[in-house]
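Okay, here's what each chain looks like letter by letter:
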Amino acid sequence: MNAIDETVVSKIRAQREHAEVLELWKKLWAAYGSGRAAAVEQVLTGLVKLPSGPGLTTMQGRRR
Amino acid sequence: VSGKDASSAKWRLQSVRIRGFRGIAHEQFLEFGGKSALLKGNNGVGKSTVALALQWTLFGKFPENVLQNVSLDRFLLPVSAATKGQVSSCEVVFAQGREKLVVARDGKSFSVTVGSERLSDARAEARRDQLLGLDMDTLVRAVLLQQTRVRGLLLDELKERNRAMDRLLGMDAVEELLEVLKTKPAADAANAWRQAVETEKRELEAQLKLLQGQLEDAERRARTAGFFNKDLNFVGLRNRYAQLGDDFEKLAREHGVTIEPLPPCDTAAKAEVVSRAFAKGLQSVRVGSDRQKRLQAAQNEIARLELLQSRWNTVMAARDDAAQQRARLAAEHGAHENLLERIALAEKRIVEERETLRSASSLRQLLADARRHIEGQAAPQCPVCEQSARDLDASLRKRIDVMSTETIRAIEAACKRTEQEVSSLRDIARRSTEAEKLAASQQESLDKLRQEIVAALGGAGIAENKIRVRLSESIDAAGKTVRGLSEGVAALEKALEALADNERTVRDGLVPVLVGREAVAAFELRNKKVEAQHAESLARGEEMAQLAAHLERVRAALLEAKEELASESLGRAGPRAQQLYRLLVKQPLFDTLDIRTIPRAKKVDYAFEVSSKGASSTAREARLVLSDGQLTATAMALFFGLAESTQHNLDMLYVDDPTQNLDLRAKEAMAKVVTEMSMRRQIILATQDEDFASFLEASGFAGAAVVHHFTGWNHDPSVKTTLPGAMR
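Residues numbered from 1 in each chain as written. Chains lettered and ligands numbered in written order. Predicted model: local features only at pLDDT ≥ 70, side-chain atom pairs only at ≥ 80, totals over all residues. Heavy atoms only, no water.

**Quick word on helix α7 (residues 184-224) of chain B**
Because each turn of an α-helix spans 3.6 residues, side chains separated by three or four positions in sequence point in the same direction.
Point 1. With 41 residues, α7(B) should cover 60 Å at 1.5 Å per step; its first-to-last C-alpha distance of 59 Å lies within 8% of that length.
Point 2. Note on α7(B): the residue one or two positions beyond its end, B:Gly226, has a positive phi of about 105°. (Helix = DSSP H or I, 4+ residues; strand = E, 2+ residues; numbered from the N terminus. Expected span 1.5 Å × (residues − 1).)

**Digging into the sheet that holds strand β5 (residues 99-106) of chain B**
All names here are of chain B.
Point 1. One open sheet holds the six strands; their spatial order is β2-β1-β4-β5-β6-β7, and the pairing between them is antiparallel. Single-partner strands in this sheet number two, and they are β2 (24-31) and β7 (117-120). When strand polarity is set aside, the average angle formed by the axes of neighbouring strands in this sheet is 10°.
Point 2. Looking at chain direction, β5 and strand β6 (residues 110-114) are connected through five bridges and run antiparallel. Bridge pairing links Leu101 to Val114 in β6.
Point 3. Where helix α3 (residues 121-132) meets the sheet, its contacts fall on β5, β6 and β7, and the angle it forms with β6 comes to roughly 50°. (Pairing = 2+ DSSP bridges. Axes fitted to C-alpha atoms, helices over the stretch in contact; angles between N-to-C directions. Contact = heavy atoms within 4.5 Å.)

**Regarding the interface of chain A and chain B**
Interface size is often expressed as the accessible area that is lost when the parts come together.
Point 1. With 35 residues of chain A at the interface, the matching set in chain B holds 39 residues.
Point 2. In total, about 3200 Å² of surface goes out of reach between chain A and chain B, with carbon and sulfur atoms giving 68% of it.
Point 3. Where chain A touches chain B, the interface holds three salt bridges.
Point 4. On the surface where chain A and chain B come into contact, there are eight residue pairs in polar contact (both at pLDDT 80 or more).
Point 5. Of all the secondary-structure elements, those providing two or more residues to the side of chain A that touches chain B are α1 (2-13), α2 (19-47) and β1 (49-50) of chain A.
Point 6. No other element matches the 13 residues that α2(A) contributes to the side of chain A that touches chain B.
Point 7. Residues belonging to the side of chain A that touches chain B are distributed by class as follows: 20 nonpolar, seven polar and eight charged. (Buried area = accessible area lost by both parts, 1.4 Å probe. Salt bridge = Lys/Arg side-chain N within 4 Å of Asp/Glu carboxyl O. Polar contact = N/O pair within 3.5 Å; in protein donor to acceptor, adjacent residues only side chain to side chain. Nonpolar A, V, L, I, M, F, W, Y, C, P; charged D, E, K, R; others polar.)

**Notes on the environment of A:Gln15**
Point 1. Looking at where A:Gln15 falls in the secondary structure, it is placed in the loop between α1 and α2.
Point 2. With a relative accessible area of 16%, A:Gln15 lands in the buried category.
Point 3. At 3.0 Å, the side chain of A:Gln15 and the side chain of B:Arg553 are in polar contact. (Buried < 20%, exposed > 50% of the residue type's maximum accessible area, 1.4 Å probe, protein only.)

**Some remarks on the confidence of the model for chain A**
All names here are of chain A.
Point 1. Counting all residues, the mean pLDDT for chain A is 84, and 80% of those residues have values of 70 or more.
Point 2. Element-level pLDDT for chain A is lowest in strand β2 (residues 62-63), with a mean of 42, against a maximum mean of 94 in α2.
Point 3. Every residue in residues 56-64 is under pLDDT 50, and counting partners more than four places away or in other chains gives 34 contacts. (pLDDT = per-residue confidence, 0-100.)

**So, the packing of aromatic side chains**
Point 1. The tally for this structure, following the rule as stated, stands at four aromatic pairs over all chains.
Point 2. Pairing A:Trp25 with A:Trp29 gives two aromatic rings, centres 5.2 Å apart and planes at 25°, and the pair type is stacked. With A:Trp25 and A:Trp29 both in helix α2 and four residues apart, this pair spans about one turn of that helix.
Point 3. Judged by its relative accessible area of 0%, A:Trp25 falls in the buried class.
Point 4. On the basis of an interplanar angle of 35° and a centroid distance of 5.5 Å, the ring pair of B:Phe21 and B:Trp56 is categorised as tilted. One end of the pair, B:Phe21, is in strand β1 (residues 12-21); the other, B:Trp56, is in helix α1 (residues 47-59), with 35 residues separating them in the sequence.
Point 5. Exposure remark for B:Phe21: the relative accessible area of 0% places this residue in the buried category.
Point 6. The exposure class assigned to B:Trp56 is buried, which follows from its relative accessible area of 3%. (Phe/Tyr/Trp six-rings, centres within 6.5 Å; stacked < 30°, edge-to-face > 60°.)

**Some details on unusual backbone geometry**
Residues and elements named next belong to chain B.
Point 1. The backbone of Lys613 shows a phi angle near 55°, a positive value even though the residue is not glycine.
Point 2. Mapping Lys613 onto the fold places it in the loop between β10 (604-611) and β11 (620-621).
Point 3. The phi dihedral of Asn661 falls on the positive side, at around 75°, and the residue is not glycine.

Okay, here's the thing in structure tokens:
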């Protein structure tokens, strides 16, 4: 399992401007380690925010 | 088998102690002493419990596909005698030279003991990982070999074969991640933010357009009503209402009414309050003006006089009717006093006629008595008048007849007529009396009403025949007063209406313009805030788009990593798998096994092919040319190759039932292969296959290994252990 993390990290590092991508991966990998796919989905749910209500004037953003 | 080669630097299994776990209700101790071992016995005697106990003791859990729809606690408890409160516990001992590693777990705690160092829970887990150098997935993939894990390679479905290969290579975690790391929700969210902003912008523009249109209409109406541009402001509004208030107060004063001054109006919001105050003032002037009060009084006077006039006419008519009725009776029957006199005379006459009737009756009786006397006498003559008796009798009879038939009847008829006359006269007299009374009563009412009218009109007294004229004159006079006052009230109403028109012009012409301007200004102010919110929303959308892009890059890195790691694993395991394929399968035509990755755009597939001497022109997909047994043996070859090439610190392989689907020749080959493997590491074999066990004995495996023979099961397995010579 560590090999997966290490390899993915090296692949991301090989990409340009990878700091945020790497941070995202670490968050997702940590979630996977603690609770597998369900935990990852939970993290994604927390990250993805949708506008709420018909108008934006009172908009706070809601989670999926 | 001695374990004294280069791999002796790693941990080997020394013993396993199992309590209250799955197939073992009480306690079972199995010794291995670092040697290879054979666990043999029929199905259902507890062999697999040992492998499960190893997994649970080391990691406290199982791969996800083991526990489906059942809790871990229920799975652990003994299958035969699960009782409440029972706790499963296991202890596994590894050794590395003289050093011992004791791993123990029960329902509540986990401990690792190395030499004199004893750690528990999280620190124990960290020490375990450090010493063994593997995690649970690696244990299941590269130490505890179960044939069920290669079954997927035999399936037709490419997706299932890929999944089985992922599991063998430890790439199932990558697949699981790729499955959940979808970019679409983030991309959809980005679009949703952008669209929400666009939609609201359009709505706000439409609202602004509507407000501006309403303002233009209001301005147009204001100009039509006579307002100039200079008036269309709050100063103009204040001045117009101030002027209106002055005019109104002046008018009210003129008509004797005091009104509250209009409140100052310098905002559109106050206009409504001022307008209501104005309407209230109008009403109070209408109701409370002097003229209005006098007019009301005059109208009341007319109504009162007209009512008196109406009553006078009614009572007069009734009195006249009664007088006429009395006069008509008098004309027909004479005066009431005459009638009484006539009744007295008639009654007197009745008395006389009754006396005459009584005398006539007495006379007739006398004549009848005389005749009876004559008839009783024999004398032919009357002694008095000397008439013959016979003539006298005839004369008497004639006189009696006349008396009976004419005289008395005539008297009776006269008496009856007189009585009828008296009755008639009395009836007329009664009616006359009633007419007299009615006339008197009506006259009395008329007199009372006259007094009332006199009091109403004023003055000492008015003759009856003057009343009607005087009433008409008074009504006419009051009418003239009303007409005069009405003209004044109408003039006031006209003045009030002019003021009301003036106020309406301000309210409907000027106020809407100011309200519209305020609305547009407020909307534009709010729009500025909304624009800031829109910028935030667009930034949030951009954030979501970036998240989608980042996820895509993570997916790409995962795919690259998978391809690289899988290729590396297959590259390491390939030669050994190739060698084992030849030993186990011995396919005459296809002697070469080729397993490699095939990178695709969004996934990584696997080639699982066989060929003749590696010639690509002869390469065929393994599942199309090999039997199920050969395919199973091929999968086991790959399995062993991968297990042997995986790096960790356990110098052991636990192989559970490796001969399913294999024929005798393959079983014999498998026995030789595992015997050969046991020369380099600790191999623990579990099997129910007697043929395989015989081949293992023949190959020398069983003779050098610990043999735990599971002979039966009754809540606990019955185990007969045979130790190799070195351990006895």
